[in-house]
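Now for the letters of each chain:
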Amino acid sequence: MTLPPTLAGRFAEILGDEYVEYKDALGSPPRPCLRVNTLKATVKEVRGLAGEAGLVLDPVPWCPTGFWIDECGHGLGDSVAHFQGLFYLEDAASLLPPEILNPSPESSVLDAAAAPGGKTTHISALMENSGAIVANEVDAHRTRVLRFNLSRMGVLNAAVTTHDMSVRPDVGRIFDKVLLDAPCSCEGRIGDDAEALALWKPSRVQRCSRLQERLIESCFGLLAPGGLLIYSTCTLSPEENEGVIDALLRKHGDADVEEISIIPPRHAVGVTEWRGTRYDDRMTRCVRLYPHHHGTQGFFVARILRCR
Ligand SMILES: C[S@@+](CC[C@H](N)C(=O)[O-])C[C@H]1O[C@@H](n2cnc3c(N)ncnc32)[C@H](O)[C@@H]1O
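What counts, and at which threshold
- Residues numbered from 1 in each chain as written.
- Predicted model: local features only at pLDDT ≥ 70, side-chain atom pairs only at ≥ 80, totals over all residues.
- Heavy atoms only, no water.
- Near = heavy atom within 4 Å.
- Polar contact = N/O pair within 3.5 Å; in protein donor to acceptor, adjacent residues only side chain to side chain.
- Areas by Shrake-Rupley, 256 points an atom, 1.4 Å probe, with all protein chains shown as cover.
- Nonpolar A, V, L, I, M, F, W, Y, C, P; charged D, E, K, R; others polar.
- Buried < 20%, exposed > 50% of the residue type's maximum accessible area, 1.4 Å probe, protein only.
- Helix = DSSP H or I, 4+ residues; strand = E, 2+ residues; numbered from the N terminus.
- Pairing = 2+ DSSP bridges.
- Phe/Tyr/Trp six-rings, centres within 6.5 Å; stacked < 30°, edge-to-face > 60°.
- Contact = heavy atoms within 4.5 Å.
- Axes fitted to C-alpha atoms, helices over the stretch in contact; angles between N-to-C directions.

### Remarks on the site of the ligand
Here is step 1 of the chain: Around the ligand, a shell composed of 21 residues is seen, among which Lys119, Glu137, Arg142, Asp164 and Asp181 lie nearest.
Here is step 2 of the chain: Between the ligand and Pro116, the relevant distance is 3.3 Å, taken from an oxygen atom to a main-chain nitrogen or oxygen of the residue.
Here is step 3 of the chain: Taking Glu137, its side chain carries an N or O atom lying 2.6 Å from an oxygen atom of the ligand.
Here is step 4 of the chain: Coverage of the ligand by the protein amounts to 85% of the 600 Å² it exposes when considered alone.
Here is step 5 of the chain: For the shell around the ligand, the class distribution of residues is 10 nonpolar, five polar and six charged.

Structural data, given as structure tokens:
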């Protein structure tokens, strides 16, 4: 696969020694993956169904309910079991943020940018359908898909809201845990998403980064003392990842970046310098996943604690 020179130049700088491996992996689509919906089925049951269809489930190391399905995995989206919500098809990298968020059945959780609902439904399963989730999504059409998926997966502990999260809602610091799976320039998906590649331009990265800074600011403002914010994107640009976290740290002395304990066996750490801008050293606690590490899309995740 050939990348436009501006993009190739940026990626070569970001990935350094790993760039050649990254470029070689770009031509292959991400490995299909499913997450067993424990609100409706057990791993054993879904393994049995997969076996009947001649599929072997290969465990994803960072999620006990996640499995790669390498052979003929694509047909699963049309199956009755999928329609019944026994599993959710998603990229294995997307399993990381809910696992790191690690909500309990008592948590109050905001999923700030929730549609189509892969991570909300995962969070709900981890909470065993208890506690409370606010699943927010600004786009009306995508909200319909979100509602459908919540219903299909049997989620009963989530309310859907349609707030523009770039403006902080006036509700106080009511959440123990917030997930911001931010809208981004989707660079991590350009290997198999022609639209992401066609839409890419430097100005888009800058626009996304300005929006992400506003979104994270709102989300941080809603956290109770001691609350946890997980920030994730499927993009590689430091402006949309470490740059956003660094800006938050500069504004808030009570924000800290924490080590992530659930880490894919192979990964890269966050960058501390990008084109003359120096970021906080704590960025090395963030995780970057590239397609050549585990056959996922490119991904970034950070774990931020609100200390007070
Ligand atoms: C990366 S997608 C979220 C994917 C979702 N978390 C999942 O796992 O299925 C980002 C979402 O943010 C939404 N979004 C964009 N701007 C927003 C805003 N200002 N407030 C709330 N949501 C926004 C987009 O419409 C999009 O659905």
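### Digging into the pairing of strand β10 (residues 255–258)
Here is step 1 of the chain: Only one face of β10 is buried, namely the one carrying Ala255 and Val257, since none of Asp256 and Glu258 on the opposite face is buried.
Here is step 2 of the chain: Pairing of β10 with strand β15 (residues 299–306), which is carried by four bridges, proceeds in the antiparallel orientation. Its bridge partner being in β15, Val257 is matched across the sheet by Ile304.

### Overview of the packing of aromatic side chains
Here is step 1 of the chain: In this structure the tally under the stated criterion is four aromatic pairs.
Here is step 2 of the chain: Each ring, one from Trp62 and one from Trp68, has its centre 5.8 Å from the other, and the planes form 85°; the classification is edge-to-face. Here Trp62 matches Trp68 in class, with each residue buried.
Here is step 3 of the chain: Consider the rings of Tyr231 and Phe300, whose centres lie 6.4 Å apart with planes at 70°: the pair is edge-to-face. Here the residue Tyr231 occupies a position in strand β9 (residues 223–233), and Phe300 occupies one in strand β15, the gap between them amounting to 69 residues. Here Tyr231 and Phe300 have matching classes, each one buried.

### Looking at the sheet that holds strand β1 (residues 33–36)
Here is step 1 of the chain: Taken together, the four strands give an open sheet; going across it, the order is β2-β3-β1-β4, and neighbouring strands pair in antiparallel fashion. The open sheet has two edge strands, β2 (58–59) and β4 (87–89), and neither has a second partner.
Here is step 2 of the chain: Two elements, β1 and strand β3 (residues 66–68), share three bridges in a ladder whose sense is antiparallel. Within β3, the position partnered with Leu34 by the bridge is Phe67.
Here is step 3 of the chain: Strand contacts of helix α3 (residues 43–52): β1, β3 and β4, with the helix running at about 140° to β1, the strand carrying the most contacts.

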